[in-house]
Amino acid sequence: MEVIDFPMHRSICYHPSILPKHRGVSSINWTLMNGDKKAGFTIFWADDGLDTGPILLQHSCDVEENDTVDTLYNRFLYPEGIKAMAEAVDLVAAGKAPKIVQPQEGASFEPSVRKKSFRKVNWDQPATAIHNFVRGLDSSPGAWTVVKNTEVILYSSKIWPKSSREPQGESVEIEGCPTNGIIHSNGILVPGNDGAYVNFERISIAGRMIPAANFGKKEEEKVSIVLTTEEEKIIPLLKTIWTNILSTEVDNSTHFFESGARSMDVVRLVEELKNKLKVQLKNEDVFMSPVFESFCSIVIMKLRHGDIQKSIVFDAVNLHVNNIDLKFPKQLFIDGTFINAENGNAMKCVNPTDESIICEVQCASQKDVGSAVAAAKKAFEEGEWSKISNRERATMMLKLADLMEANQEELATLESIDSGAVYSLALKTHIGMSIETWRYFAGWADKLQGSTIPITHARPSRNLSFTRKEPIGVVGLIVPWNYPLMMLSWKMAPCFAAGNTVVIKPAEVTPLTALKFAQLSTLAGFPPGVINVVPGTGAVAGVALAEHPDVRKIGFTGSTAVGKLIMRAGSNNKLKRVSLELGGKSPLVILGDADISKAVRMSMGGVFFNKGENCIAAGRVFVESKIHDEFVRKVVEETKKMVIGNPLDRGTDHGPQNHKAHLEKLIAYCRKGQEEGAKLLVGGNRCDRPGYFFEPTIFTDVEDHMYIAKEEAFGPVMVISKFDYRNIDDIIKRANSTEYGLASGICTKNIDRALYFAEKIDSGTVFVNTYNKTDVAAPFGGFKESGFGKDLGEEALHEYLRIKTVTIEYGG
């Protein structure tokens, strides 16, 4: 209650929700518990005891189905109450303030909501009655019940939509409830005696607020942050605000609610922070971090344009590798929560350097994929993601890029032990280009504009036609094992810039950076359901994702054979859009006028980059005959200098192949080349050491009909073919003879030949006097059996947008 004193002993008071019958300390609680459709407040003349005297003015608002004390305060009672007090003062000053006698009939004065016995939930009533009772006591003093022999207070009650299916989760016994509740990813779902459901998103146990979905789980680790000098100056201000509200001394262990705070105090705290620090908290932030020390962390992270996701709990893998401590998840990530696969299946992650087991990661089933898609669909259609602006999405993406940069050493180390990538390359390319990709597409998020189109008028009326660029919906992404995080970023960043939600299946042999990425996404503030990561096999999780009818688009990078299967699966249930970045057998043509030293560097980089596990690798090197022998001599000489070893050693040039099956494929590939008559100059064998190490390999005398001239190695195998230059069209014809069309390259000092080659070669990317030079702003994708659709650049956005045309007739 607020009291304002005026000259001449005139006093007026403000009281919430006193329309028309409830008054006393619990009036707003009574309004909600009774299921009233109207709430409001009264400004009244105070009687001699400063109690409620005659009415001066009243204002009301509609009560929505899921309103609580807090939402009513925030939406109406607090802002409109302040305005009404000013209005009342003006009326008093002008001598126009009425004095309306309060009616006594039906009035309720009992402060019984404070009694614990009154606040226990009666489950033997309809769901709506249960909901009204709980929300009427939310957020103070709180309705309580007993769940699995534990006393809990229930908050954030919502009627479960009748159209929604009963979620999957853990059945839990609730005292006095004839039917068990369900603990699921969004809370605890409980049935009323009419068969309808109520959901509770938050609970309090022994004075500590937690997400209801976390009931029974081990507590998350405390998040600690290091304050800057400027941030340290904020703590005394926060302490002063708390002290003024609570009227007590405050230290790090002070509990906001145990010190006597109520709902109105939460509103006041949030408003004071907004006014004094320009930081916007939600009421839930106070409820979830009611202890002063943790509350300070929340405020600081908000001021840093970040947030702490306190509910992110996972089974962690802890390793000390590369002189740093690694901590990363090993579970599926669905709807903002790390969970085990429903069938408990797991798959081993093997370190290709020494063949040791890094950990076991949960392996998604078809049912798990369905849950992930449902979460993504809900986030897209009705979740927080659907409400935020394009610019807010961009800010979130930039936060994520900053977090990736802050954790780049850990991400690069994970990439090295999981995929075999040389650490320095992982740091620069695997992780570095991933960060650049997120920042680049964050810049596009608020620039997705339609256009106005002049069309014929329907006289005498006029017509206006314009286009809208809209997100597609739920997107399924399936990414390969050669650049696990970079391929995730290439596809997911434009997908989010466009406003979609994602379910991603990382390669089953390299899921670790995707799961660490999921953890970082929660710290960046991505709402639940926007990002879902389902490690698993292609035969189960991959097929389930491609076939799911609620997935509107599939983005895939991998082999051509699997790409064709993805296309078929994508049309099994509902027709969906597909973009494919597939295999390659990219030609690199070295003309006789080329600088041989540069040509050697280009070809080695084109073939051996990332151990040859590179979709645009120079799968066949064509060398003009007049420089062929010298080129071969130099390239063999330089290849023999390459250092093969542990990818974490800074002097290593060449790490292990990604996994055992791929190593065996390379051995068979080289054996086939020798059988067909190609000349093996270097390598061709597994290294005599633990791990999946394969020697950098060079073949010469390769003819066009041979297997190794036509099929992709996807490994460190240089295939050299000689040609006699007569007409550039001759070598272009040979280069175009493959069904692949991903990339190509030419090394020459003749710019005319280079430009002609670029025009006539049948590939999506052409390198001239360089190789492997990709950039986040340059579109990337293939022709023919190398797929269709683009990653990177502005064109990548079109893969995840749909164009809607709107035509309006007016003025007739």
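Refer to the preceding data block for the structure.
Right, let's walk through the structure included here.

This paragraph deals with the overall build of the chain. Along the chain, the regular secondary structure elements total 23 helices and 35 strands. With the C-alpha coordinates of the chain rotated into their principal frame, the extents come out at 110 × 75 × 55 Å. A burial count over the chain gives 55% of its 812 residues as buried. Counting only contacts in the chain whose residues sit at least 6 apart along the sequence, the fraction spanning at least 24 positions is 69%. Surface accessibility of the chain: about 34,900 Å² in total, with carbon and sulfur atoms responsible for 50%. Each charge sign in the chain was given a centre, from 93 positive and 100 negative side chains, and these centres are 3 Å apart.

The biggest cluster of nonpolar side chains holds 106 residues, and the ones touching the most others in it are Trp 438, Met 492, Phe 496, Phe 526, Ile 590 and Phe 631. For this core, the leading source of residues is helix 13 (residues 484-497), giving 10 residues. Apart from residues no more than four positions distant in its own chain, Phe 631 is found in contact with Ile 590, Ile 596, Ala 599, Val 600, Ser 603, Val 621, Val 623 and Ile 720. Residues Ile 241, Ile 245, Phe 292 and Cys 296 belong to the second largest nonpolar core, which totals 28 residues.

A few words on the packing of aromatic side chains. Tallied over the entire structure, the rule returns 19 aromatic pairs. Where Tyr 440 meets Phe 441, the ring centres are 4.9 Å apart and the plane angle is 85°; that geometry is what we call edge-to-face. Aromatic side chains Trp 490 and Phe 780 sit 5.2 Å apart centroid to centroid with 65° between the ring planes, which places their arrangement in the edge-to-face category. Of this pair, Trp 490 sits in helix 13 while Phe 780 is found in the loop between strand 32 (765-768) and strand 33 (783-784), placing the two residues 290 residues apart along the sequence. On the accessibility criterion, Trp 490 (3% relative accessible area) is buried. Among the residues examined, Phe 780 registers a relative accessible area of 2% and is labelled buried. For the cation-ring pair, Lys 99 lies above Trp 45, with the distance from its terminal atom to the ring centre recorded as 4.6 Å. The ring centre of Tyr 800 lies 4.2 Å from the NZ or CZ of Lys 553, which sits over that ring.

Taken as a whole and judged by the stated rule, the model has 4 cavities of 30 Å³ or more. Taken together, 13 residues make up the lining of the largest cavity; nearest its centre are Ala 617, Gly 619, Glu 712, Ala 713 and Phe 714. A breakdown of the residues in the lining of the largest cavity according to their chemical character gives 6 nonpolar, 5 polar and 2 charged.

Attention now moves to the pattern of salt bridges. Side chains bearing opposite charge may pair, as long as their charged atoms lie close to each other. Within this structure, the stated rule accounts for 33 salt bridges. Across the pair Arg 75 and Asp 67 runs a salt bridge, and its minimum N-O distance is 2.8 Å. The class of Arg 75 is partly exposed, set by a relative accessible area of 35%. Asp 67 sits in the buried class, given a relative accessible area of 3%. In this structure, Glu 470 engages Arg 468 in a salt bridge whose closest nitrogen and oxygen atoms are separated by 2.8 Å. Overall, Glu 470 belongs to the buried group, its relative accessible area being 8%. Salt bridges here are not isolated pairs; linked through shared partners, they connect Arg 468, Glu 470, Arg 802 and Lys 804.

Structurally, Gly 691 can be placed in the loop between strand 27 (679-682) and strand 28 (697-700). With relative accessibility at 0%, the residue Gly 691 sits in the buried group. Along the backbone, Gly 691 and Gly 645 are 46 residues apart, and their C-alpha atoms lie at a distance of 9.5 Å. Contact partners of Gly 691, with chain neighbours within four places excluded, come to Pro 352, Thr 353, Asp 354, Glu 355 and Arg 686.

As a further point, take the sheet that holds strand 29 (residues 717-723). If you trace the 7 strands from one edge of the open sheet to the other, you get 27-28-29-26-25-31-32, paired in mixed fashion. A single partner strand is all that each edge strand has here, and the edge strands are strand 27 and strand 32. Ignoring strand direction, the axes of neighbouring strands in this sheet form an average angle of 20°. One ladder, built from 4 bridges, connects strand 26 (residues 620-624) with strand 29; its direction is parallel. Pairing of Glu 624 across the sheet is with Phe 723, part of strand 29.

Now for the packing of helix 12 (residues 423-444) against helix 13. At a minimum axis distance of 8 Å, the contact between helix 12 and helix 13 shows a crossing angle of 5°. Between helix 12 and helix 13, the interaxial angle falls into the category roughly parallel. In this structure, helix 12 contributes Thr 429, His 430, Ile 431, Met 433, Ser 434, Thr 437, Trp 438 and Phe 441 to the contact, and helix 13 contributes Pro 484, Leu 485, Met 486, Leu 488, Ser 489, Trp 490, Met 492, Ala 493, Pro 494, Phe 496 and Ala 497. Class assignment for the residues of the contact of helix 12 with helix 13 results in 14 nonpolar, 5 polar and no charged.

The next point concerns the sheet that holds strand 18 (residues 452-453). As summarised here, the arrangement of the 3 strands in space is 18-19-35, forming an open sheet in which the pairing is antiparallel. On the outer flanks of this sheet lie strand 18 and strand 35 (801-810), each paired with one strand and no other. One ladder, built from 10 bridges, connects strand 19 (residues 462-471) with strand 35; its direction is antiparallel. Residue Lys 469 lies in a different strand from strand 35, and its bridge partner there is Ile 803.

Turning to the packing of helix 10 (residues 390-406) against helix 11 (residues 408-419), a few remarks are in order. For the pair helix 10 and helix 11, interaxial distance at closest approach is 5 Å and the crossing angle is 70°. As judged from the angle between their axes, helix 10 and helix 11 are roughly perpendicular. Contacts between helix 10 and helix 11 involve Met 404, Glu 405 and Ala 406 from the former and Gln 408, Glu 409 and Leu 411 from the latter. Taken together, the residues of the contact of helix 10 with helix 11 sort by class into 3 nonpolar, 1 polar and 2 charged.

So, on to helix 15 (residues 538-547). For helix 15, every residue scored as buried is listed here: Ala 541, Gly 542, Ala 544, Leu 545 and Ala 546. If you follow the buried residues of helix 15, they end up packed against helix 9 (366-381), strand 20 (474-478), strand 21 (501-505), strand 23 (553-557) and helix 16 (560-569).

Here we take up the pairing of strand 6 (residues 150-159). Where strand 5 (residues 143-147) and strand 6 come together, 5 bridges link them in antiparallel fashion. Its bridge partner lying in strand 6, Val 147 is registered against Thr 150. Count of turn residues in the strand 5/strand 6 antiparallel hairpin: 2 residues, of which Lys 148 carries a positive phi of about 50°.

This brings us to the side chain of Ser 603. Note that Ser 603 resides in helix 17 (residues 596-608). In this structure, Ser 603 is in contact with Leu 588, Val 621, Phe 631, Val 635 and Met 718, ignoring residues within four places of it in sequence.

Rules used throughout
- Residues numbered from 1 in each chain as written.
- Predicted model: local features only at pLDDT ≥ 70, side-chain atom pairs only at ≥ 80, totals over all residues.
- Heavy atoms only, no water.
- Helix = DSSP H or I, 4+ residues; strand = E, 2+ residues; numbered from the N terminus.
- Buried < 20%, exposed > 50% of the residue type's maximum accessible area, 1.4 Å probe, protein only.
- Contact = heavy atoms within 4.5 Å.
- Areas by Shrake-Rupley, 256 points an atom, 1.4 Å probe, with all protein chains shown as cover.
- Lys, Arg positive; Asp, Glu negative; His and termini not counted.
- Charge placed at Lys NZ, Arg CZ, Asp CG, Glu CD.
- Core = buried A, V, L, I, M, F, W, Y, C linked by side-chain atoms within 4.5 Å.
- Phe/Tyr/Trp six-rings, centres within 6.5 Å; stacked < 30°, edge-to-face > 60°.
- Lys NZ or Arg CZ within 6 Å of the ring centre and 35° of its normal.
- 1 Å grid on protein atoms, 1.4 Å probe; cavity = no way out; pocket = protein on both sides within 12 Å on 5 of 7 lines; lining within 4 Å.
- Points joined across faces, edges and corners; volume = space filled by probe spheres on them.
- Nonpolar A, V, L, I, M, F, W, Y, C, P; charged D, E, K, R; others polar.
- Salt bridge = Lys/Arg side-chain N within 4 Å of Asp/Glu carboxyl O.
- Pairing = 2+ DSSP bridges.
- Axes fitted to C-alpha atoms, helices over the stretch in contact; angles between N-to-C directions.
- Parallel < 35°, antiparallel > 145°, perpendicular 65-115°, else oblique.

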